[in-house]
Number of protein chains: 2
Amino acid sequence: MSEPATAQRARRTAFFVSGGTGITAEALGHSLLSQFGDIDFEQVALPYVQTDEDARDALNRVDRAARQDEQLPIVFSTLVNHTHREILADCNALVLDMFAVFLDPLEQELGVRSSHKAGQSHAIRDEEAYRIRIDAIHFALDNDDGARTRHYEKADIILTGVSRSGKTPTSLYLALQFGLYAANYPLTDDDFDDLDLPEELKPYREKLFGLMIDSERLAAIRNERRANSRYASEQQCEMELRTLEGLYNRYNIPCLDVTDLSIEEISTRILAKTGLQRRLQ
Amino acid sequence: MSEPATAQRARRTAFFVSGGTGITAEALGHSLLSQFGDIDFEQVALPYVQTDEDARDALNRVDRAARQDEQLPIVFSTLVNHTHREILADCNALVLDMFAVFLDPLEQELGVRSSHKAGQSHAIRDEEAYRIRIDAIHFALDNDDGARTRHYEKADIILTGVSRSGKTPTSLYLALQFGLYAANYPLTDDDFDDLDLPEELKPYREKLFGLMIDSERLAAIRNERRANSRYASEQQCEMELRTLEGLYNRYNIPCLDVTDLSIEEISTRILAKTGLQRRLQ
């Protein structure tokens, strides 16, 4: 109703419907929708559909969008409950139902019936996994930005790189998603004076992983923080990065150019490059 | 080869094969496998399959597992490249191919061909989204554990709760996944003396969200940190939690019992309860 009557552009609404967090439905949906880059989707998450009434509410939301858009919405569903799936199936949309498609062949191959319980994959399954995860997050926080180096014995990996190359978000992601103990240590101007690794890092050379970044991109990021400073100048950025590259080479530190990468890509590529085993599946 | 010849228990290997990070394939796979709680799966991620050779390597890994397990592996694939999918299709496994199943109906409904490019969903799509995310992470770090309160104007949400109720991991997850500016403020013994909210929080009452936790569980978590301390005693935990509940009620602060919830569940339930709009899709 709030749409202006003159709005002509075709609009599509995509729903992610789930009995739990909706994370799987969203991952699946985003993956598929990203294959259609030219279409703008209005994205709506409908998690925690846990009662018949919730399912009917979801159905109504979808049908309302169908009327407003005058186009069929796309519904990505990971509902497992039979009744809820049947209720939703009546909606006026293209429903892509993950369980309908994949559960049958899996049951046949595995020779057992599935539990048909929702929200299994992002729920606490065991206390041990939860503990590892929380521990890893606190480790990343305590060992962020070279704050201290005395716990490096316990680190699975120590990220190094210049200021603003993505060390902190990557450390946190490695902790949250994979339960890894990730420290990070910034290499600054001071470290570059003698063109050598800081002494604190030398005992842990085999845990080091270097982040690299394009100098123009780095300058742009730094300019947002401190416009027109020496710190943000292209010359300074280039000098730091060239020195860094020399250090990585000299000490044979594996490294990755993160310029065009998301945090997820940086993290998963680090795992692939180092062969580091995650502590959480 | 390293398996003892006497090992009789049926083993299953599950592969997550992707041209990108593999995050979608894993989310899909974990969701489906969690429906078969009685079976132990050896889980293997095979991300960044980007060349024909990578695809043949993946095929060989799968076939080797099939021989070793003497059971068909399960392969969850989000490969989009046609050639790579054809190579993998020859493997000796149950292949659940997300794109094969869902892309056709989507193309038909949307009336366009998809781009068939891998790694679209967890790649940087625009600089703006990347900036929001990094900003939100730094906000969560700077405003962790009540470190400062002067930036609360900018906060989307301020989590409160007793020590060790999950405030920090939840703040970080909200930042990483949803780009939300999440601060957190611990309510401690000192705050409970006058049975009132700390003065710093009062101007931001409508941003507060309370975490609650079962007192036995809290005592167990705290005992791991400081065994047999007053801090970890059940009596102390109960007192803190009862006082807290009173405060939440008095100030009408929405709250959530996080006792049996994962970080993902806590975060997505907070969004559902508060109606807070994410800054990232």
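Residues numbered from 1 in each chain as written. Chains lettered and ligands numbered in written order. Predicted model: local features only at pLDDT ≥ 70, side-chain atom pairs only at ≥ 80, totals over all residues. Heavy atoms only, no water.

Residues and elements named next belong to chain B. The terminal C-alpha atoms of helix H10 (residues 263-274) lie 17 Å apart, and with twelve residues this matches the ideal 16 Å at 1.5 Å per residue to within 8%. Residues of H10 that are buried: Ile 263, Glu 264, Glu 265, Ile 266, Ser 267, Thr 268, Ile 270 and Leu 271. Just downstream of H10, Gly 275 is the residue with a positive phi angle, here 75 degrees. (Helix = DSSP H or I, 4+ residues; strand = E, 2+ residues; numbered from the N terminus. Expected span 1.5 Å × (residues − 1). Buried < 20%, exposed > 50% of the residue type's maximum accessible area, 1.4 Å probe, protein only.)

Residue and element names in this part refer to chain B. Taken together, the four strands give an open sheet; going across it, the order is S6-S5-S7-S8, and neighbouring strands pair in parallel fashion. Looking along the sheet, the strands with just one partner apiece sit at the ends: strand S6 (182-186) and strand S8 (255-257). Pairwise comparison of adjacent strand axes, ignoring direction, gives a mean angle of 25 degrees for this sheet. In the packing of helix H6 (residues 167-178) onto the sheet, the strands contacted are strand S5 (157-161), S6 and strand S7 (208-212), and the crossing angle to S6 comes to about 170 degrees. Contacting S5, S7 and S8, helix H9 (residues 234-250) runs over the sheet at an angle of about 150 degrees to S7. (Pairing = 2+ DSSP bridges. Axes fitted to C-alpha atoms, helices over the stretch in contact; angles between N-to-C directions. Contact = heavy atoms within 4.5 Å.)

Even without a glycine there, the phi angle at Asp145(A) is positive, about 55 degrees. On the accessibility criterion, Asp145(A) (47% relative accessible area) is partly exposed. Located in the positive-phi region is Asn252(B), a residue other than glycine, with phi close to 60 degrees. Along the chain, the position of Asn252(B) falls in the loop between H9 and S8. Judged by its relative accessible area of 70%, Asn252(B) falls in the exposed class.

All names here are of chain A. Mean pLDDT over chain A stands at 89; residues scoring 70 or higher make up 93%. This model gives residues 1-8 a pLDDT under 50, and the stretch forms two contacts once residues within four places in sequence are excluded. Scored as a whole, the predicted complex attains pTM 0.89, and scored at its interfaces, ipTM 0.88. (pLDDT = per-residue confidence, 0-100.)

Looking now at the relation of the copies chain B and chain A. When chain B is fitted to chain A, the residual RMSD is 0.0 Å, and the transformation amounts to a turn of 180 degrees plus an axial shift of 0.0 Å. Viewed as a symmetry operation, the transformation between the two copies matches a two-fold axis. Of the interface residues in chain B, 99% have counterparts in chain A that sit at the interface too, so the contact is made through matching surfaces. (Least-squares fit on C-alpha atoms with pLDDT ≥ 70 in both.)

Bringing the domain arrangement of chain A into the picture now. Bring the parts together and some accessible area is lost; that lost area is often taken as the interface size. Domain assignment breaks chain A into domain 1 (12-110) and domain 2 (127-274). A C-alpha centroid distance of 39 Å is found between domain 1 of chain A and domain 2 of chain A. (Domains from an automatic or database assignment.)

Taken residue by residue, the interface counts 78 residues in chain B and 77 residues in chain A. Summing both partners gives a buried area of about 7,100 Å² for chain B against chain A, and 67% of it is carried by carbon and sulfur. Summed over the three residues of chain B that lose the most area to chain A, namely Gln35(B), Phe36(B) and Phe102(B), the buried surface amounts to 10% of that side. Remark: the boundary between chain B and chain A carries six salt bridges. (Buried area = accessible area lost by both parts, 1.4 Å probe. Salt bridge = Lys/Arg side-chain N within 4 Å of Asp/Glu carboxyl O.)

Attention now moves to the state of the cysteines. Applying the stated rule across the entire model yields zero disulfides over all chains. Considering cysteine sulfurs only, Cys255(A) is the nearest to Cys237(A), which forms no disulfide, with 17 Å between them. (Disulfide = S-S within 2.5 Å.)

A word on the side chain of Ser114(A). Mapped onto the elements, Ser114(A) comes out in the loop between helix H4 (98-110) and helix H5 (127-142). Given the relative accessible area of 8%, Ser114(A) is considered buried. Side-chain polar atoms of Ser114(A) contact the side chain of Glu107(A), separated by 2.9 Å. Those residues within four positions of Ser114(A) in sequence are excluded, and the remaining contacts are Leu103(A), Glu107(A), Gln35(B) and Phe36(B). (Polar contact = N/O pair within 3.5 Å; in protein donor to acceptor, adjacent residues only side chain to side chain.)

This part covers a negative patch on the surface. Where like charges cluster on the molecular surface, the negative patch consists of Asp214(A), Glu216(A), Glu234(A), Asp257(A) and Asp260(A). Along the chain, Glu234(A) falls in helix H9 (residues 234-250). (Patch = residues over 30% accessible without salt bridge, like charges linked within 9 Å, V, L, I, M, F, W, Y side chains within 5 Å. Areas by Shrake-Rupley, 256 points an atom, 1.4 Å probe, with all protein chains shown as cover. Lys, Arg positive; Asp, Glu negative; His and termini not counted. Charge placed at Lys NZ, Arg CZ, Asp CG, Glu CD.)

If you look at the biggest cluster of nonpolar residues, it comprises 104 residues, and the most contacted ones within it are Ile158(A) and Ile158(B). Not counting chain neighbours up to four residues away, the residues in contact with Ile158(A) comprise Tyr152(A), Ala183(A), Tyr185(A), Leu201(A), Tyr204(A), Lys207(A), Leu208(A) and Phe209(A). In terms of nonpolar packing, the next biggest core, distinct from the first, is built from 38 residues, Ala14(A), Phe99(A), Leu106(A) and Leu33(B) among them. (Core = buried A, V, L, I, M, F, W, Y, C linked by side-chain atoms within 4.5 Å.)

Overall, the coordinates contain nine aromatic pairs over all chains when judged by the stated rule. Arg222(A) extends its terminal NZ or CZ atom over the ring of Tyr231(A), reaching a point 4.4 Å from the ring centre. (Phe/Tyr/Trp six-rings, centres within 6.5 Å; stacked < 30°, edge-to-face > 60°. Lys NZ or Arg CZ within 6 Å of the ring centre and 35° of its normal.)

All names here are of chain B. As for its placement among the helices and strands, Gly 20 is situated in the loop between strand S1 (12-17) and helix H1 (23-33). Among the residues examined, Gly 20 registers a relative accessible area of 8% and is labelled buried. In the structure, Gly 20 is positioned 86 residues away from Leu 106 in sequence and 21 Å away in space, judged by C-alpha atoms.

Residues and elements named next belong to chain B. The strand order across the open sheet formed by four strands is S2-S1-S3-S4, and the pairing between neighbours is parallel. The sheet is open, and its two borders are formed by strand S2 (41-46) and strand S4 (94-97), each paired with just one other strand. This sheet shows a mean twist of 15 degrees between the axes of neighbouring strands, independent of strand direction. Here six bridges tie S1 to S2, and the two strands are oriented parallel to one another. Looking at the pairing, Phe 16 lines up with Ala 45 of S2.

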